[in-house]
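The primary structure of each chain is shown beneath.
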Amino acid sequence: MKQNSTNWIVLKFGGTSVSSLANWKNIASVLDKKLSEGYRVCLVHSALSGVSNKLEKIIASASNGESEAIVSEIRDQHLELAEDLGLDADQLLGDEFSELEQLARGISLIQEAGYHVQARIMALGELMSTKLGAAYLNKLGLKAKWKDAREMLQSIPAKNASEKAQMLSAICDTAEDPELREELETEGELIITQGFIASNEEGDTVVLGRGGSDVSAAYFAAKLQAERLEIWTDVPGMFSSNPHAIPSARLLKQLSYMEAQEIATNGAKVLHPRCIMPARIHNIPIEIKWTANPEQRGTTISSTTADDEALVKAISVRDNVILVSMETLGMWQQVGFLADAFEIFKEYGLSIDLVSTSDSNVTVSLDPGANTHFNEIREPFVADLKSLCRVEIIESTSAVSLLGRHIRTILHQLGSAFEVFQEHEIYLVSQAANDLNFTFVVDSEQADRLVQQLHEQVISKSTGLASFGPTWEQINGVETETSVSREHWWKRKRETLIQLAEQEGPVYVYDSDHIDEIISNLGVLRSLNRLFYAVKANTNRELLQLFYERGLGFECVSIGEVAYILELFPDIERNRILFTPNFAPRTEYEQALREGIHVTIDNIFILQQWGSLFEGEEVFLRIDPGQGHGHHRHVRTGGVNSKFGIPISELKEVRSITERLQIAVKGMHSHLGSGIKDPASWKRTAIILAEAASLFDEVEILDVGGGLGVRENEMQSQLSLDEVETGLQEFKKGFPQYRLWMEPGRYLVATAGVLLARVTQVKGKGKLRYVGVETGMNSLIRPALYGSHHTIVNLSRDDEPGSITTNIVGPICETGDKLGIDRLFPESKEGDVILVANTGAYGHVMSSSYNMRAPAHEVVI
């Protein structure tokens with residue numbers, strides 16, 4: 001319990017939480033429990049969901065006569081909830097309904113609303129909702145006392161604040177208030193009051209800004225010296241990113257005040273950043289709870305944290321950021337330039353967020369939430385600033401932030417994650433002085449995809465288990481996309497796998513039933529006319545036979561792979577083989593043409609130097625779209641840093657050659673990379689290919705490549721095939737003349753394979769534990785080559801919890817021979833069977849006999 005605390009706790013419920021009978025039943029249950037535990041409860045809650053937005057529309061519609069309809073909507077919404085709660089809304093809210101109608105009529109008549117009137121209108125949402133709430137709780141026998149927050153919270157003047165800010169973004173004192181506490185204790189054990197509203201020194205109604213109900217709750221907690229502040233909302237807590245956009249976002253179980261402040265300030269919507277400071281000053285813990293499921297553990301914010309390790313805990317995005325770029329050669333070594341420039345920002349009441357400087361440029365960002373008046377003062381502000389320098393206003397940008405602890409100390413570990421920025425223009429980079437965030441300002445249209453990529457690279461691979469809880473998907477217990485079964489096939493076949501490992505030694509095991517399930521899942525991609533299996537992912541004969549029987553084609557990158565397929569399936573229709581070589585010798589193209597298979601050209605050199613070889617033939621062109629995607633730079637196959645594809649700028653010359661030699665360009669092909677999780681990627685590829693195809697008359701087929709992302713471990717997201725199909729359907733509506741092909745490889749086999757190896761030795765080094773197994777990078781080089789993060793379990797002790805931080809290593813004489821680092825593992829012993837999951841792709845095919853150690857062999861079950 002907080003030192004010197006009272007037995008008060010403050011509970012704040014948001015608009016969604018107080019807008020349904022089901023939620024009010026949960027609220028009543030929570031309150032009944034708190035009261036039975038001996039607490040006094042101050043219940044603060046918001047307006048009904050959407051009502052504040054509607055009230056703002058009334059203010060905005062002053063000149064167009066639409067306010068009457070909006071008032072009617074608000075009234076109906078309260079009547080509907082009151083009916084569900086068994087209450088008479090007209091009797092309870094008659095005065096508020098009348099006041100709202102009068103205010104709306106008044107601003108319609110004079111066609112404007114002053115700040116005092118705006119505050120009165122906005123306050124009505126909370127006043128109406130809390131009267132309904134108090135009446136319902138009293139109906140249930142909970143004896144709730146309704147109090148007007150304007151009689152308990154008084155705003156204080158803010159230095160340099162405008163009248164608008166004083167009335168619509170007011171701030172209040174956070175000091176302890178024994179008189180208020182004594183007054184409320186005489187009123188009863190359950191007080192219900194409004195968030196968002198207060199009064200000023202003159203007694204006028206003021207509001208605390210959007211999201212101000214959290215702030216009100218924090219003020220009440222401070223004044224009452226509450227034991228804790230509970231924020232009840234429509235999600236279980238703060239997450240590593242927006243869980244509605246990234247279902248693999250992980251619950252943050254415990255945060256310090258500073259960490260929570262940073263996450264909230266940088267875009268998290270769960271908690272208003274202004275509510276943290278009052279709690280921090282008085283050392284009042286904040287708990288974020290889920291109204292729909294009160295028993296679910298949420299996020300605790302306090303002066304102590306679950307760990308002190310250097311760790312990225314969240315990735316956030318703030319949209320609609322405005323950049324002000326100030327450039328002049330005269331600023332170098334000029335004393336006072338920044339002071340003069342920032343004085344102009346101060347004069348216009350602009351709050352600067354991020355700052356980046358160079359010899360001739362200073363660029364700052366303006367947080368739109370703190371600078372709502374920017375467009376009103378934009379022209380005179382820019383004019384004044386131009387007296388000092390050249391000014392450019394950059395809009396449509398977003399700030400993407402990596403948030404956590406001691407980020408400076410782990411920048412070297414984030415190197416591979418930062419590779420995602422090579423595809424994006426970065427306007428500003430800022431590393432916070434408090435070492436809690438690293439921020440990049442990029443184009444808004446790229447921000448969401450960038451957050452997804454960074455989350456996959458940084459959070460989903462994190463081992464900070466003390467900080468992280470379950471993912472949003474795991475909490476909800478539902479699939480959010482078309483995917484294969486979430487129960488791992490290798491858990492169902494555990495005994496068979498252990499027996500195989502003990503009999504066979506190190507072995508790759510592939511499950512044909514699982515592959516059948518994946519093929520069936522791909523059936524959702526109805527827009528595709530043909531699927532080709534990318535042979536390089538796994539060349540196991542039994543698996544190739546399975547793909548052949550299921551009707552898939554084969555995409556081959558070498559003439560050796562072509563010969564292998566023809567050896568296995570001598571009667572295969574030649575149009576089921578697609579040859580896509582890169583920097584291969586001329587002889588491979590000659591042989592492929594003789595076999596009558598589809599041949600892809602990905603370099604203008606081939607046509608310039610060997611053009612006669614293709615005269616009168618049909619070919620595919622592999623196009624470089626200008627950028628690549630994927631989980632690692634080594635698997636991104638587009639862009640100037642990749643060796644693949646014909647640049648779009650060379651297509652006119654290609655057309656000239658093909659027309660002269662009567663070469664028919666039958667298809668366009670592009671492959672961006674591997675491990676892509678953005679479902680819109682293939683639609684974008686198709687659009688680029690269609691634009692390229694417009695230069696050629698014969699194109700019938702667009703091959704959008706493969707790269708379907710695989711869920712590497714429990715914390716990563718699953719690619720939504722339904723969303724992929726939606727994008728492709730949209731494309732086909734605009735370009736019905738083309739057939740679409742796709743060539744998945746890794747997606748078909750990765751999760752169907754596991755690598756099994758027995759423990760040879762264990763070793764302790766300081767706090768670290770090493771578990772050595774009988775094979776390593778000679779069998780699976782992906783962790784060393786790509787930094788891939790595979791789920792690894794001790795299959796012999798799968799029922800024992802992980803308790804020791806462990807590195808799982810192989811017997812190869814290389815420091816990089818690590819299959820997994822910093823994993824929570826049970827105590828392991830010689831002979832235990834270790835399983836490395838999701839190794840069906842690029843495992844055995846990339847193995848070697850390095851150190852003259854034979855790699856794991858293969859078994860299909």
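Each residue is numbered by its place in its chain's sequence as written, counting from 1. Only residues with pLDDT of 70 or above have their local features reported here, since the model is predicted, and side-chain atom pairs are shown and tallied only from 80 upward, although totals for entire chains, interfaces and linings are computed over all residues. Hydrogens and waters are ignored; side-chain quantities use all the structure's heavy atoms.

**Re the confidence of the model for the protein**
Summing up the model confidence of the protein, the mean pLDDT is 87 and the portion of residues at 70 or higher is 91%. One number per residue, pLDDT, summarises how confident the predictor is, and it ranges from 0 to 100. In this text, helices come from DSSP runs of H or I with a minimum length of four residues, and strands from runs of E with a minimum of two, each type numbered from the N-terminal end. Per-residue pLDDT, averaged within each element of the protein, yields its smallest value for helix H13 (residues 415–418) (58) and its largest for strand E6 (residues 190–194) (97). We call two residues in contact when some of their heavy atoms are within 4.5 Å. Here residues 479–485 scores under 50 on pLDDT; set against residues more than four positions off or in separate chains, the count is 22 contacts. Across residues 628–641 the pLDDT falls below 50, and counting only partners more than four positions away or on other chains, this stretch makes 59 contacts in the model.

**So, the sheet that holds strand E15 (residues 352–357)**
The six strands lie next to each other as E15-E16-E14-E17-E19-E18, forming an open sheet whose pairing is antiparallel. What marks the edges here is a single partner per strand, and that holds for E15 and strand E18 (426–431). Each neighbouring strand pair of the sheet contributes to a mean axis angle of 30°, computed without reference to strand direction. Here a strand pair is declared whenever DSSP counts at least two bridges between the two strands. Pairing analysis gives five bridges linking E18 to strand E19 (residues 437–443), with the strands arranged antiparallel. Counted as the bridge partner of Gln431 is Phe438 from E19. Of the strands in this sheet, strand E14 (311–327), E15 and strand E16 (361–366) are in contact with helix H11 (residues 337–347), which crosses E16 at around 25°. Fitted lines through C-alpha atoms serve as axes, helices being fitted only where they are in contact, and the angles separating the N-to-C directions of these axes extend from 0 to 180 degrees.

**Comments concerning the packing of aromatic side chains**
Stacked, edge-to-face and tilted are the three classes for Phe, Tyr and Trp ring pairs, Trp counted by its six-membered ring, which pair at centre distances within 6.5 Å; planes under 30 degrees apart are stacked, over 60 edge-to-face, the rest tilted. Applying the stated criterion across every chain, the model contains 21 aromatic pairs. Pairwise contacts between aromatic rings join Phe342, Phe345, Tyr348, Phe374 and Phe381 into one cluster. The ring of Trp146 carries Lys131 above its face, with NZ or CZ at 5.2 Å from the centroid. We note Arg228 situated over the ring of Tyr39; from NZ or CZ to the ring centre the distance is 5.1 Å. The criterion is that NZ of a Lys, or CZ of an Arg, lies within 6 Å of the ring centre and within 35 degrees of the ring normal, and then a charge sits over that ring.

**Topic: empty space enclosed by the protein**
Using a grid of 1 Å spacing that covers the protein atoms alone, one calls a set of points a cavity when a 1.4 Å probe fits there but cannot get out, and a pocket when the set is open and has protein on both sides within 12 Å along at least five of seven lines; lining residues are those with an atom within 4 Å of a point. Grid points are joined across faces, edges and corners, and a volume is the space filled by probe spheres set on the points. Enumeration over the complete set of coordinates arrives at two cavities of 30 Å³ or more. Space inside the second largest cavity adds up to approximately 40 Å³. Forming the boundary of the second largest cavity are Val762, Arg769, Val771, Ile804, Thr806, Phe825, Pro826, Glu827 and Ser828. Within the residue set of the lining of the second largest cavity, elements represented by two or more residues are strand E32 (768–773) and strand E34 (804–809).

**Things to note about the sheet that holds strand E1 (residues 8–13)**
Strand order in the open sheet formed by eight strands is E3-E6-E2-E1-E9-E12-E13-E11, with mixed pairing between adjacent strands. At either margin of the open sheet sits one strand with a lone partner, and together these are strand E3 (145–146) and strand E11 (254–256). Pairing geometry for E1 and strand E2 (residues 40–45), over six bridges, is parallel. Its bridge partner being in E2, Lys12 is matched across the sheet by Val44. Against the sheet, helix H5 (residues 115–139) contacts E2, E3 and E6, and its axis sits at roughly 160° relative to E6. Packing against the sheet, helix H9 (residues 257–265) makes contact with E11 and strand E13 (299–302), and its axis sits at approximately 95° to E11.

**A short note on the pairing of E32**
Note: strand E31 (residues 753–765) against E32, six bridges, orientation antiparallel. Looking at the pairing, Lys765 lines up with Leu768 of E32. Between the antiparallel neighbours E31 and E32 lie two residues, among them Gly766 with a positive phi of about 60°. As paired elements, E32 and E34 share four bridges and run parallel to each other. Within the sheet, the bridge partner assigned to Arg769 lies in E34 and is Thr806.

**Considering the packing of helix H3 (residues 67–85) against helix H4 (residues 89–110)**
If you want to describe how two helices pack, look at the angle between their axes and the distance between the axes. The interhelical angle for the contact between H3 and H4, taken along N-to-C directions, is 170°, at an axis separation of 10 Å. The orientation of H3 with respect to H4, classified from their angle, is roughly antiparallel. Pair H3 / H4 crosses with right-handed handedness. Contacts between H3 and H4 involve Ser67, Val71, Ile74, Arg75, His78, Leu79 and Ala82 on the former and, on the latter, Ala89, Asp90, Leu93, Phe97, Leu100, Glu101, Ala104 and Ser108. Class assignment for the residues of the contact of H3 with H4 results in nine nonpolar, three polar and three charged. Angular relationships are summarised with four words: roughly parallel below 35 degrees, roughly antiparallel beyond 145, roughly perpendicular across 65 to 115, and oblique for the angles in between. Handedness of a crossing follows from how the near helix is turned relative to the far one, being left-handed for an anticlockwise turn of less than a right angle and right-handed for a clockwise one. Each residue is assigned to one class: nonpolar for Ala, Val, Leu, Ile, Met, Phe, Trp, Tyr, Cys and Pro, charged for Asp, Glu, Lys and Arg, and polar for all the others, Gly among them.

**Thoughts on a negative patch on the surface**
Among the surface-exposed residues, Glu73, Asp76, Glu80, Glu83 and Asp84 lie close enough to one another that they form a single negatively charged patch. With respect to the helices and strands, the residue Asp76 is situated in helix H3. To count toward a patch, a residue needs a relative accessible area above 30% and no salt bridge. Like charges then connect within 9 Å, nonpolar side chains (Val, Leu, Ile, Met, Phe, Trp, Tyr) within 5 Å. Calculation of accessible area relied on Shrake-Rupley with a 1.4 Å probe; when residues are assessed, cover is drawn exclusively from the protein chains displayed. By salt bridge we mean one thing: a side-chain nitrogen of Lys or Arg within 4 Å of a carboxyl oxygen of Asp or Glu. Charge counting follows a simple rule: Lys and Arg are positive, Asp and Glu are negative, and His as well as the terminal groups are ignored. By convention, the point assigned to a charge is CZ for Arg, NZ for Lys, CD for Glu and CG for Asp.

**Concerning the pattern of salt bridges**
Taken as a whole and judged by the stated rule, the model has 34 salt bridges. Here Glu376 ties to Lys164 by a salt bridge, and the two come within 3.9 Å at their closest N and O atoms. Of this pair, Glu376 sits in helix H12 (residues 374–385) while Lys164 is found in helix H6 (residues 163–168), placing the two residues 212 residues apart along the sequence. Glu376 sits in the exposed class, given a relative accessible area of 58%. Between Lys683 and Glu730 there is a salt bridge whose closest N-O contact spans 2.7 Å. Of this pair, Lys683 sits in helix H24 (residues 681–693) while Glu730 sits in helix H25 (residues 721–734), placing them 47 residues apart in sequence. Using a 1.4 Å probe on the protein chains alone, a residue whose accessible area is under 20% of its type maximum counts as buried, one over 50% counts as exposed, and one in between counts as partly exposed. Among the residues examined, Lys683 registers a relative accessible area of 25% and is labelled partly exposed. Note on Glu730: relative accessible area 43%, which makes it partly exposed. Overlapping salt bridges, with partners in common, bring together Lys34, Glu227, Arg228 and Glu230 in one network.

**A closer look at the nonpolar core**
Val10, Leu137 and Met238 are the most contacted members of the largest nonpolar core, which totals 123 residues. With twelve residues, H5 is the single largest residue contributor to this core. When residues no more than four places from it in sequence are discounted, the contact partners of Leu137 are Trp24, Ala28, Leu31, Leu43, Leu142, Lys143, Ala144, Leu190 and Ile192. Among the nonpolar cores identified, the runner-up in size contains 96 residues, and Phe547, Val619, Phe731 and Ala856 belong to it. Here the nonpolar core consists of buried residues drawn from Ala, Val, Leu, Ile, Met, Phe, Trp, Tyr and Cys, with membership extended through side-chain atoms lying within 4.5 Å.

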